[in-house]
Amino acid sequence: MNIFYQIISLSVPLLLAGLGGLISEFAGRMAIFLEGAINLGAFFCFLFTVKTGNAFLGYFTAVILCTLIFYFSALFIENSNINPFIFSLGLNLFCTGAISFMSAVFFGTRGVLTNSAFYFDSAKIRLITTIFALIITFLFFLFIFCTKKGLYLRICASDRDFLEDREISTKKIRILSWGAAAFFAGSAGCIFSLRLNSFVPGISSGTGWLALAAVFLGKKKPFGVLLSAIIFSAAQYLASNLQNFTEFKAVSASVLLSLPYFIALFFIMTTNFKGRD
């Protein structure tokens, strides 16, 4: 039971980021910016928690700002001729630069950030963030499967003409999907920083890219993304604990920690080959 809890707890940042990517995929816009949004959410959470002295205010301010930044980015794209894929890649670079600039301005360093106001009990914050993330996930599933707007989102990319014929704006859905994806990715970033009791540049460590892999491995289905996140997190848990065994102590830690990415690559490759048969 303890191992199961640890895997589920480990999976929730990836799960949230994956659901954010899934929302964007439903709308027909790949959320390449997930990696940057996770890092930005983590930084904002640290910044506003330290400034307000309240972790809840820090979290909500962080996710609201992330949502607004990417919402207006989507609004700009939809009203211009800019390539959304290239622009989304650029947003990752923007987030990296913005974090570095704000870190220097507010804290006088571009490195690791720690503060006595940003310190939490590890076991308690892990439990709280896990429960909170699972509640968000449950509400997402309710919205997707039990509401009319959730249905519109699911068919936005595949049945665009059907929606437009009924005067339902697919453009509006695409814009809102980026805001929603940023909300989920920003939430994942907040969880990373709260659990670490600090902010580390590049705190996402590839979670945004792994989230996109989970979306495609899960066949762009909510339960598929959920299962993929658990599989990747189980691999991460295994990789983190393999060095406790004598026979694996000679193996480089970096090799073991790359195990989830190798597993992701393996599943994606085998899935693609299956689709070609």
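Residues numbered from 1 in each chain as written. Predicted model: local features only at pLDDT ≥ 70, side-chain atom pairs only at ≥ 80, totals over all residues. Heavy atoms only, no water.

## Regarding the pattern of salt bridges
Phase 1 of the analysis: Scanning the model with the defined rule gives three salt bridges in all.
Phase 2 of the analysis: The partner of Glu25 in a salt bridge is Lys220, with the nearest N and O atoms 3.2 Å apart. Of this pair, Glu25 sits in helix H1 (residues 2-27) while Lys220 sits in the loop between helix H9 (207-217) and helix H10 (222-241), and the two are 195 residues apart along the sequence.
Phase 3 of the analysis: Between Glu78 and Arg174 there is a salt bridge; the shortest N-O distance is 2.9 Å. Of the two residues, Glu78 sits in helix H3 (residues 55-78) while Arg174 sits in helix H8 (residues 170-196), which places them 96 residues apart along the sequence. Arg174 matches Glu78 in its accessibility class, with the two residues each being buried. (Salt bridge = Lys/Arg side-chain N within 4 Å of Asp/Glu carboxyl O. Helix = DSSP H or I, 4+ residues; strand = E, 2+ residues; numbered from the N terminus. Buried < 20%, exposed > 50% of the residue type's maximum accessible area, 1.4 Å probe, protein only.)

## A closer look at the state of the cysteines
A disulfide bridge is the covalent bond that connects two cysteines by way of their sulfur atoms.
Phase 1 of the analysis: The full count for this structure, using the stated rule, is zero disulfides.
Phase 2 of the analysis: Looking at Cys45, it has no disulfide partner, and the nearest cysteine sulfur is the one in Cys190, 3.9 Å off. (Disulfide = S-S within 2.5 Å.)

## Topic: the environment of Ile7
Phase 1 of the analysis: Note on placement: Ile7 falls in helix H1.
Phase 2 of the analysis: The contacts of Ile7, once residues within four sequence positions are left out, are Ile230, Ser233, Ala234 and Tyr237. (Contact = heavy atoms within 4.5 Å.)

## Things to note about the confidence of the model for the protein chain
Phase 1 of the analysis: When pLDDT is averaged across the protein chain, the result is 88; 87% of the residues are at 70 or more.
Phase 2 of the analysis: Low pLDDT (under 50) marks residues 273-277, which in the prediction has zero contacts with non-local residues, meaning those over four places away or in another chain. (pLDDT = per-residue confidence, 0-100.)

## Quick notes on H9
Phase 1 of the analysis: The buried fraction of H9 is high, at nine of eleven residues.
Phase 2 of the analysis: Thr207, Gly208, Leu210, Ala211, Leu212, Ala213, Ala214, Val215 and Leu217 are the residues of H9 that are buried.

## Details of the packing of H1 against H10
Phase 1 of the analysis: Viewed as axis vectors pointing N to C, H1 and H10 meet at an angle of 140 degrees, and their least axial separation amounts to 7 Å. Judged on the interaxial angle alone, H10 and H1 are oblique. Crossing hand, H1 versus H10: right-handed. The residues of H10 that touch H1, namely those facing Ile3, Gln6, Ile7, Ile8, Leu10, Ser11, Leu14, Leu15, Gly18, Leu19, Leu22 and Phe26, are Pro222, Val225, Leu226, Ala229, Ile230, Phe232, Ser233, Ala234, Gln236 and Tyr237.
Phase 2 of the analysis: Looking at the contact of H1 with H10 residue by residue, the classes come out as 17 nonpolar, five polar and no charged. (Axes fitted to C-alpha atoms, helices over the stretch in contact; angles between N-to-C directions. Parallel < 35°, antiparallel > 145°, perpendicular 65-115°, else oblique. Left-handed = near helix turned anticlockwise from the far one by under 90°. Nonpolar A, V, L, I, M, F, W, Y, C, P; charged D, E, K, R; others polar.)

## Quick notes on the nonpolar core
Phase 1 of the analysis: Grouped together as the largest cluster of nonpolar side chains are 73 residues, with contacts concentrated most on Phe33, Leu40, Phe43, Phe44, Phe70, Phe140 and Phe199.
Phase 2 of the analysis: Mapped by element, the contributors of at least two residues to this core are H1, helix H2 (34-52), H3, helix H4 (84-107), helix H5 (122-146), H8, H9 and H10.
Phase 3 of the analysis: Not counting residues within four places of it along the chain, the set of residues in contact with Phe43 comprises Ile99, Met102, Ser103, Phe107, Leu113 and Phe199. (Core = buried A, V, L, I, M, F, W, Y, C linked by side-chain atoms within 4.5 Å.)

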